[in-house]
Amino acid sequence: MNGRVARIELRRSVAPWAGALVPVFALALLYLIPGPWAWDTVRWTEQWTSLAMWTRSLLVFLWPLVLGLGALQGLRDHRSAMGELLTSTPRPAWHRAATLAGTIALTLVAGFALLLVVGGAQVLAGGAYQHLGWLPISLVAALALIAAAVLGMGLGRTLPSPLTPPALTVAAFVFTNLLRTAEGPAIPSPAAPNRLVLLSPAVSQVREVLLTLSAPVHLGQTLWLLGLAATGFALLAAATRRGRLLAVAPVLAGSVLALLVLPSDPRRTYVVDTAAAAMVCEGRVCVTKLHEARLHDLAGPGEKALRLLHGALGARAPVEIRESTGLRDLLDTPERSRTAVLVDFGDGAIGKAKGEELTRALLGQGLAPACAPRSEREGGSMSDIVAQDIAAAWVLGDLKPLPGTAQDPDRQTARALPVWKRFRALPPAEQRARIDAVHEAALACGDSGALDQLPGGASR
Amino acid sequence: MRWLTLYSRSRQMPASFAATVIAAVGMWALGRGGGGSGAASASGSGPGDPQFAALALTAGVAAASVGLGGQDLALDRTAAIRWVPRRAAHVLLAAAVVAAVALAVRTLGDEMAGTEFIVRDSAGLMGLAALGAAACGGAYAWTLPVLWTAVGLFVPPPTNTPTRVAAWLLLPPGTPTATWTALTLTATGTAAYALAGPRGRHVA
């Protein structure tokens with residue numbers, strides 16, 4: 001009997017629509033609109049955590065939408081005007097509510113899982129860091145969708161007006177959108193109180209791939225969402241005014257418990273995944289566990305670059321190549337080191353290069369580490385990359401621009417060539433002294449830039 | 001006159017109007033109080049932050065869209081009146097009312113958005129709602145404008161034509177892509193709804 005009712009609900013309720021809309025809209029956005037989710041190192045199909053965080057960040061609009069669809073479903077009893085008939089049956093009201101809530105939960109979970117399967121297949125194919133730490137992020141997302149649908153159904157049944165679904169959706173959307181967390185700072189920081197922001201199931205967009213959510217966040221959000229779902233279900237099943245009043249209790253309890261558990265500090269919300277940030281080395285070249293797949297391609301050119309650097313700088317040369325793991329604000333100066341060449345795969349000059357080109361980029365980065373950050377979001381500066389071009393050319397003997405960044409290679413050459421010609425005309429000892437000055441200036445990132453240390457470099 | 005009164009009551013217009021006013025005043029208050037408390041919106045925070053105006057207009061259109069479906073479609077169709085001009089007038093008037101409410105709220109102080117912005121967005125969004133009503137029925141009409149607004153607020157600042165179309169709602173007034181998108185939506189939405197009417201849907 002129950003199975004038959006469930007099958008009918010599956011066909012005739014809003015459940016199939018809700019289950020289909022979630023993956024269809026998410027995939028349409030992720031594939032059709034170019035955005036940060038399609039950029040190399042933070043791409044949504046690059047790492048498991050990125051997949052979980054990007055799909056979760058889509059809840060900014062999926063969550064209100066599901067709430068509204070739930071409310072549309074909740075209006076059904078009122079529309080069909082059969083409340084009186086139903087009270088005459090001996091079957092308890094919560095049986096009907098459970099069948100309906102169960103089917104919509106099933107289709108929503110299936111829809112969201114489909115989204116994860118589409119992304120996960122690409123993550124698996126791409127040689128990402130394999131772990132299960134991302135699962136809680138997605139489980140909370142699925143729970144959020146179920147809670148939204150059930151709460152929407154309960155509220156729709158309690159306030160049976162055609163205005164309820166759009167009003168709920170817009171109100172929820174204003175809530176999730178105003179409480180969005182800006183991803184610009186090193187740790188994504190909200191403008192509103194952190195605990196309040198965490199009541200919104202959406203998370204910040206991905207910029208630092210090493211960040212994940214901490215355990216208290218999962219726990220607090222689960223409590224809050226369970227409270228929401230319980231209230232929704234109680235409203236859906238309630239037959240009396242007293243029942244409706246009592247239905248408010250779970251959400252109050254859930255929110256109090258959640259506020260006790262949720263961290264008040266953004267730094268305890270978004271935390272570095274230490275297992276993913278651990279270093280894996282091949283010789284003197286080290287990358288994070290997260291980017292282990294890139295280690296093999298980096299090791300050969302890296303070792304060669306380190307040898308050349310030792311020949312050029314002597315005892316002051318960096319002795320290792322290490323992936324930079326420091327979190328930084330958008331446009332902030334990257335981490336510096338005297339003993340290591342710090343690489344960031346978000347920098348197209350290094351991340352997209354292979355073989356000889358990579359050796360050249362690593363030489364440039366070792367001799368004149370860039371002061372202005374380069375990533376998919378940050379363009380870097382022309383003088384930084386020209387200084388790297390010339391420093392690498394000094395070791396390798398020929399001038400070639402570094403491709404892969406926002407700085408056009410032809411314009412790099414046009415800017416570098418006059419400086420390079422004057423530099424080449426200097427006696428070898430003077431060249432060496434100039435390169436030392438470039439190295440020091442680049443490490444200091446002071447007022448006088450690396451390129452200013454070269455003849456004719458300060459002209460612009 | 002009597003027809004108009006009955007029609008507007010059957011289409012929940014008083015309630016929709018109240019919801020539109022509440023939404024506009026609410027967003028105005030939020031935009032004034034917490035100007036830019038929202039995260040990276042398309043053009044940052046400031047007095048001219050378009051996200052609050054866009055949200056207010058979306059809420060108004062969503063409320064108005066409820067009236068695009070009738071109480072009983074089969075009964076409506078039996079009426080010996082010319083529905084096509086009436087339906088077209090309904091859509092355009094609804095857009096005008098939503099815009100007028102936003103313009104009126106603006107006189108409270110603190111410029112929410114320019115007149116052209118408000119007119120363009122309310123017309124385009126209402127066209128979208130009419131399209132939704134023609135395609136899925138009056139009760140579902142709000143999904144299209146709300147989703148498009150949501151996507152517009154989610155995507156990064158647009159750089160090329162497809163992304164400009166996606167984020168047309170938030171672009172500054174006078175951007176050709178945004179104006180054309182709004183015009184197309186208004187025209188197709190109004191035409192589709194006027195000719196086809198709200199889609200009938202059996203009560204599940």
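Residues numbered from 1 in each chain as written. Chains lettered and ligands numbered in written order. Predicted model: local features only at pLDDT ≥ 70, side-chain atom pairs only at ≥ 80, totals over all residues.

Caption draft 1: Structural context of the domain arrangement of chain A. Residue and element names in this part refer to chain A. In terms of domains, chain A is made up of domain 1 (2-273) and domain 2 (278-459). For domain 1 and domain 2, the distance between their C-alpha centres works out to 45 Å. With 14 residues of domain 1 in contact, the opposing surface of domain 2 contributes 13 residues. Tallied by class, residues from the side of domain 1 that touches domain 2 come to eight nonpolar, four polar and two charged. (Domains from an automatic or database assignment. Contact = placed C-beta atoms within 7 Å. Nonpolar A, V, L, I, M, F, W, Y, C, P; charged D, E, K, R; others polar.)

Caption draft 2: Inspection of the nonpolar core at higher detail. Membership of the largest hydrophobic core comes to 156 residues, with the highest contact counts inside it found for V66, L145 and A149 of chain A together with A56, A102, M126 and A129 of chain B. The element that contributes the greatest number of residues to this core is helix 8 (residues 135-158) of chain A, accounting for 15 residues. With residues up to four places along the chain from it excluded, the contact list for A56 of chain B reads A23, A24, M27, W28 and A102 of chain B. Counting residues in hydrophobic clusters, the runner-up holds 46 residues, among them L298, L358, F423 and L454 of chain A. (Core = buried A, V, L, I, M, F, W, Y, C linked by C-beta atoms within 7 Å. Buried ≥ 20, exposed ≤ 12 C-beta atoms within 10 Å, placed from the backbone. Helix = DSSP H or I, 4+ residues; strand = E, 2+ residues; numbered from the N terminus.)

Caption draft 3: Broad picture of the environment of S50 of chain A. Residue and element names in this part refer to chain A. Within the secondary structure, S50 is located in helix 3 (residues 48-57). Given 24 C-beta atoms within 10 Å, S50 falls into the buried group. Sequence spacing of S50 and L211 is 161 residues, and the spatial spacing of their C-alpha atoms is 9.0 Å. Those residues in contact with S50 that lie beyond four places of it in its chain are V42, R43, W44, V206 and V209.

Caption draft 4: Here's a closer look at the interface of chain A and chain B. Each partner contributes to the interface: chain A provides 31 residues, whereas chain B provides 31 residues. Those elements that provide at least two residues to the side of chain A that touches chain B are helix 2 (15-32), helix 4 (59-74), helix 5 (76-80) and helix 9 (164-178) of chain A. Among the elements that take part in the side of chain A that touches chain B, helix 9 of chain A stands out by supplying nine residues, more than any other. Classifying every residue of the side of chain A that touches chain B gives 21 nonpolar, six polar and four charged.

Caption draft 5: Structural view of helix 7 (residues 93-125) of chain A. In a regular helix each residue adds 1.5 Å, so 33 residues correspond to 48 Å; helix 7 of chain A covers 48 Å between its end C-alpha atoms and thus fits that length. Looking one or two residues beyond helix 7 of chain A, the residue adopting positive phi is G127 of chain A, at roughly 70°. (Expected span 1.5 Å × (residues − 1).)

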